[in-house]
Amino acid sequence: MKKTIITHSKEETQKLGHLIARHLNRGDVVLLTGDLGAGKTTLTSGVGEGLGVNEKVLSPTFNILKCYFHGRIPFYHIDAYRLEGQNIELGLDEVIEGDGACFIEWPQFIEPLIPDEHLEISIRNLGENERELTFTSEDGFDWVLQLDKEAE
Ligand SMILES: Nc1ncnc2c1ncn2[C@@H]1O[C@H](COP(=O)(O)OP(=O)(O)O)[C@@H](O)[C@H]1O
Ligand SMILES: [Mg+2]
């Protein structure tokens, strides 16, 4: 499955996050790739809102992991940026294989912990407010194909 969606504002990306949240199940692993400032955290905060976590989802760059337990399903947000070249035996595997949906920024730095079954969302900066989000998955996540129709 491969799908590309373009957004034209931060708010539009957050709204896409709300739509994604509706489809998430426990155990889903979503990888977010793209440069600094692409919009990975922005999309994740929209997902958190959509799941109904009653806390603002902020960049966990200094925390590596944030857990939100008050939404429809548990929501885990990992930012592995600061784990580059580090020993990654932190118990993150238990979170990733856990009972919630897990969104991971900079997954390349914890590659051994990434399960084969995942959705990758790669975000590219096309200009000041334009972002291209490319969704790729080898198995499952076919609901992504309908996302742009749901947005209308
Ligand atoms: N269409 C868009 N989608 C998401 N963010 C956007 C968009 N247009 C502009 N932005 C801005 O880009 C930045 C994205 O930052 P952030 O989500 O923290 O990126 P990352 O987590 O990938 O480093 C924010 O300042 C946001 O306001
Ligand atoms: Mg970020």
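Since we're looking at a predicted model, the values are computed, not measured.

Right, let's get into the overall build of the protein. In terms of regular secondary structure, the protein is built from four helices and seven strands. Ordered by position from N to C terminus, the α and β elements of the protein give β-α-β-α-β-β-α-β-β-β-α. Compactness check: the protein gives a C-alpha radius of gyration of 14 Å against a globular reference of 15 Å for 152 residues, within 12% of the reference. Expressed as a percentage of the 152 residues in the protein, the buried residues total 38%. For the protein, the proportion of contacts with a sequence separation of at least 24, taken over those separated by at least 6, is 65%.

Right, let's talk about the sheet that holds strand 4 (residues 75-79) for a bit. Strand pairing in a sheet takes place through backbone hydrogen bonds and is either antiparallel or parallel in direction. Strand order in the open sheet formed by seven strands is 1-7-6-2-5-4-3, with mixed pairing between adjacent strands. The open sheet is flanked by strand 1 (2-7) and strand 3 (65-68), the only strands paired with a single partner. Strand-to-strand, the axes of this sheet are offset by a mean angle of 15°, without reference to chain direction. In the sheet, strand 4 pairs with strand 5 (residues 101-105) via five bridges, with the strands oriented parallel. Paired with histidine 77 across the bridge in strand 5 is phenylalanine 103.

With that settled, consider helix 1 (residues 10-23). With 14 residues, helix 1 should cover 20 Å at 1.5 Å per step; its first-to-last C-alpha distance of 21 Å lies within 8% of that length. Turning to helix 1, its buried residues number three or more, namely Thr13, Gln14, Leu16, Gly17, Leu19, Ile20 and Ala21.

Membership of the largest hydrophobic core comes to 36 residues, with the highest contact counts inside it found for Val30, Leu32, Cys102, Phe103, Ile104 and Ile121. Elements that contribute at least two residues to this core include exactly helix 1, strand 2 (29-33), helix 2 (40-51), strand 4, helix 3 (92-96), strand 5 and strand 6 (119-125). Excluding its chain neighbours within four sequence positions, the residues that come into contact with isoleucine 121 are Val30, Leu32, Leu43, Leu133 and Phe135.

So, about the site of ligand 1. Residues in close proximity to ligand 1 total 18 residues, the closest being Thr13, Gly39, Lys40, Thr41 and Thr42. Counting only elements with at least two residues in the shell around ligand 1, the list comes to helix 1 and helix 2. Taken together, the residues of the shell around ligand 1 sort by class into two nonpolar, eleven polar and five charged.

With that settled, consider the packing of helix 1 against helix 2. In contact at an axis separation of 7 Å, helix 1 and helix 2 are set at 45° when each is read in the N-to-C sense. Classed by the angle they form, the pair helix 1 and helix 2 counts as oblique. The two elements helix 1 and helix 2 cross, and the hand of that crossing is right-handed. Here helix 1 contributes Lys10, Thr13, Gln14, Lys15, Leu16, Gly17, His18, Ile20, Ala21 and Arg22 to the contact with helix 2, which in turn contributes Thr42, Leu43, Thr44, Ser45, Gly46, Val47, Glu49, Gly50 and Leu51. Along the lines of polarity and charge, the residues of the contact of helix 1 with helix 2 split into six nonpolar, nine polar and four charged.

This part covers helix 2. Helix length check: helix 2 (twelve residues) gives 17 Å between terminal C-alpha atoms against 16 Å at 1.5 Å per residue, within 8%. Taken together, the buried positions of helix 2 are occupied by Lys40, Thr42, Leu43, Thr44, Ser45, Gly46, Val47, Gly48, Gly50 and Leu51. Turning to helix 2, the residues buried within the fold contact helix 1, strand 2, strand 3, strand 4, strand 5 and strand 6. One or two residues past the end of helix 2 sits glycine 52, with phi positive at roughly 85°.

To continue, consider the pairing of strand 4. The element strand 4 is extensively covered by neighbouring structure, given that five of its five residues are classed as buried. The alternating pattern of strand 4 places Phe75, His77 and Asp79 and Tyr76 and Ile78 on opposite faces, both of which are buried. Pairing of strand 3 with strand 4, which is carried by four bridges, proceeds in the antiparallel orientation. Of the residues in strand 4, the one forming a bridge with tyrosine 68 is phenylalanine 75. Taking the residues that link successive antiparallel strands as the turn, the strand 3-strand 4 hairpin has six residues.

Reading guide: rules and limits
- Residues numbered from 1 in each chain as written.
- Chains lettered and ligands numbered in written order.
- Predicted model: local features only at pLDDT ≥ 70, side-chain atom pairs only at ≥ 80, totals over all residues.
- Helix = DSSP H or I, 4+ residues; strand = E, 2+ residues; numbered from the N terminus.
- Rg over C-alpha atoms; globule rule 2.2 N^0.38 Å.
- Buried ≥ 20, exposed ≤ 12 C-beta atoms within 10 Å, placed from the backbone.
- Contact = placed C-beta atoms within 7 Å.
- Pairing = 2+ DSSP bridges.
- Axes fitted to C-alpha atoms, helices over the stretch in contact; angles between N-to-C directions.
- Expected span 1.5 Å × (residues − 1).
- Core = buried A, V, L, I, M, F, W, Y, C linked by C-beta atoms within 7 Å.
- Near = placed C-beta within 6 Å.
- Nonpolar A, V, L, I, M, F, W, Y, C, P; charged D, E, K, R; others polar.
- Parallel < 35°, antiparallel > 145°, perpendicular 65-115°, else oblique.
- Left-handed = near helix turned anticlockwise from the far one by under 90°.

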